[in-house]
Amino acid sequence: MSAAATETVTVLSEAAWRAREAAHQARVETWIGPHQQRAARGEKHPVFDFLFSYYSFRPAGLRRWHPGPDVVLAGAAARAFLRWPEYRETGDGAGVAVEPAALEPKRREFVAWLRDLLVAMRERPAFFGCYGLHEWAMVYRQTPDEVRHNAWPLRFPPAELARIVEGSALCCTHFDAFRFFTAPARPLNRHQPARETTPQLEQRGCLHANMDLYKWCYKLAPFTPAEL
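Let me sum up the structure you'll find in this document. Quantities reported herein were computed from a predicted structural model and do not represent experimental measurements.

1. Notes on the layout of surface pockets
By volume, the largest pocket amounts to about 1,300 Å³. Together, 33 residues line the largest pocket, and Pro-46, Val-47, Phe-50, Glu-135 and His-149 are the ones closest to its centre. Elements supplying a minimum of two residues to the lining of the largest pocket: helix H1 (14-41), helix H2 (50-53), helix H5 (134-137) and helix H9 (207-219). Considering only residue class, the lining of the largest pocket consists of 19 nonpolar, six polar and eight charged. In this structure, the second largest pocket spans a volume of roughly 550 Å³. Taken together, 23 residues make up the lining of the second largest pocket; nearest its centre are Phe-57, Leu-62, Tyr-214, Tyr-218 and Ala-226. Among the secondary structure elements, those contributing two or more residues to the lining of the second largest pocket are H1, helix H3 (59-63) and H9.

Pasting the structure below:
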């Protein structure tokens, strides 16, 4: 058998975990390869580079495969995972596994906070009516020189953009989007999100809240499965 489950722990043969590792690396190469090729040519892309310009997870980290908790990697090659301090050899000699106890106390506090946040998001009714207007609020009443990503033109001239923002109901609930609103746009928003109020406002219909699921996963690596 390539994999056998014993209670809540899965033991993967070397062939099985190497196959999963290769499948993960092939999948993420779809994004990593073109990004690195553009970087080598000194080119930038306003959309496809976002994965690495907005988030702090580097290509090498995204490419690296970890099985996550409750998985034991069998075979001599699994010892290579011991170069990360979060891994231990199992006491029964079955192989190598990530050790949850290696998670530092401060990180455990973060995990508890994150779990409460995600549960609240899951149970709170989803709201889909923001229509991505945070993007316009981030450049509202700015001159072309003040726009952060001014290497690419906006779809509307400043006056028309201002008319759209002022004629719409801004209702952003996500702090990391709201904090980039221009000063004149902030009072126009129905909510005034702050880092401290994130658990009270974050909701599952928010584009940014769903994007951040990626961030939460990599912040907990190697305790999260790379496939996740």
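We are not done yet, so read on.
2. Some remarks on the packing of helix H4 (residues 105-123) against H9
One way to put it is that H4 packs onto H9 with a least axis distance of 12 Å and a crossing angle of 155 degrees. Classified by the angle between their axes, H4 and H9 sit roughly antiparallel to one another. The crossing of H4 and H9 is left-handed. Residues Arg-107, Phe-110, Trp-113, Leu-114, Leu-117, Leu-118 and Met-121 of H4 form the contact with H9, whose own contacting residues are Ala-209, Leu-213, Trp-216 and Lys-219. Residues belonging to the contact of H4 with H9 are distributed by class as follows: nine nonpolar, no polar and two charged.

3. What to know about H4
The terminal C-alpha atoms of H4 lie 27 Å apart, and with 19 residues this matches the ideal 27 Å at 1.5 Å per residue to within 8%. Where H4 is buried, its residues contact helix H8 (198-201) and H9.

4. Details of the nonpolar core
Side chains that are nonpolar tend, in soluble globular proteins, to be buried together. One finds Trp-136, Val-165, Leu-170 and Phe-181 to be the most contacted residues of the largest nonpolar core, which totals 17 residues. Residue assignment for this core shows that the elements contributing at least two residues are H5, helix H6 (158-166) and helix H7 (175-178). With four residues, the single largest contributor to this core is H6. Excluding anything up to four places from it in sequence, Phe-181 contacts His-134, Ala-137, Met-138, Leu-170, Cys-172, Arg-186 and Asn-189.

What counts as what
- Per chain, residues are indexed from 1 in the order of the written sequence.
- In keeping with the predicted nature of the model, local features appear solely for residues at pLDDT of at least 70, side-chain atom pairs appear and are counted solely at 80 or more, and the whole-chain, interface and lining totals rest on all residues.
- Hydrogens and water molecules were not included; the side-chain quantities draw on all heavy atoms of the structure.
- Grid spacing is 1 Å over the protein atoms alone, the probe is 1.4 Å, and a cavity is where that probe fits but cannot get out, while a pocket is an open set with protein on both sides within 12 Å along at least five of seven lines and lining residues have an atom within 4 Å of a point.
- Grid points are joined across faces, edges and corners, and a volume is the space filled by probe spheres set on the points.
- Secondary structure elements are taken from DSSP: a helix is a run of H or I of four residues or more, a strand is a run of E of two residues or more, and numbering for both begins at the N terminus.
- Nonpolar residues are Ala, Val, Leu, Ile, Met, Phe, Trp, Tyr, Cys and Pro. Charged residues are Asp, Glu, Lys and Arg, and all others, Gly as well, are polar.
- In this analysis, axes come from line fits to C-alpha atoms, helices being fitted only over the stretch in contact, and the angle between any two N-to-C directions falls in the range 0 to 180 degrees.
- Each angle gets one of four labels, with under 35 degrees taken as roughly parallel, over 145 as roughly antiparallel, 65 to 115 as roughly perpendicular, and the rest as oblique.
- Crossing handedness is defined as follows: a turn of the near helix away from the far one that is anticlockwise and smaller than a right angle gives a left-handed crossing, while the clockwise case is right-handed.
- Here, two residues are considered to be in contact whenever any of their heavy atoms come within 4.5 Å of each other.
- An expected span of 1.5 Å times one less than the residue number is assigned to each helix.
- Residues enter a nonpolar core if they are buried and are Ala, Val, Leu, Ile, Met, Phe, Trp, Tyr or Cys, with the set joined through side-chain atoms within 4.5 Å.
- Burial status follows relative accessibility: with a 1.4 Å probe on protein chains alone, a residue under 20% of its type maximum counts as buried, one over 50% as exposed, and anything between as partly exposed.

Purely geometric numbers; function is a separate question.
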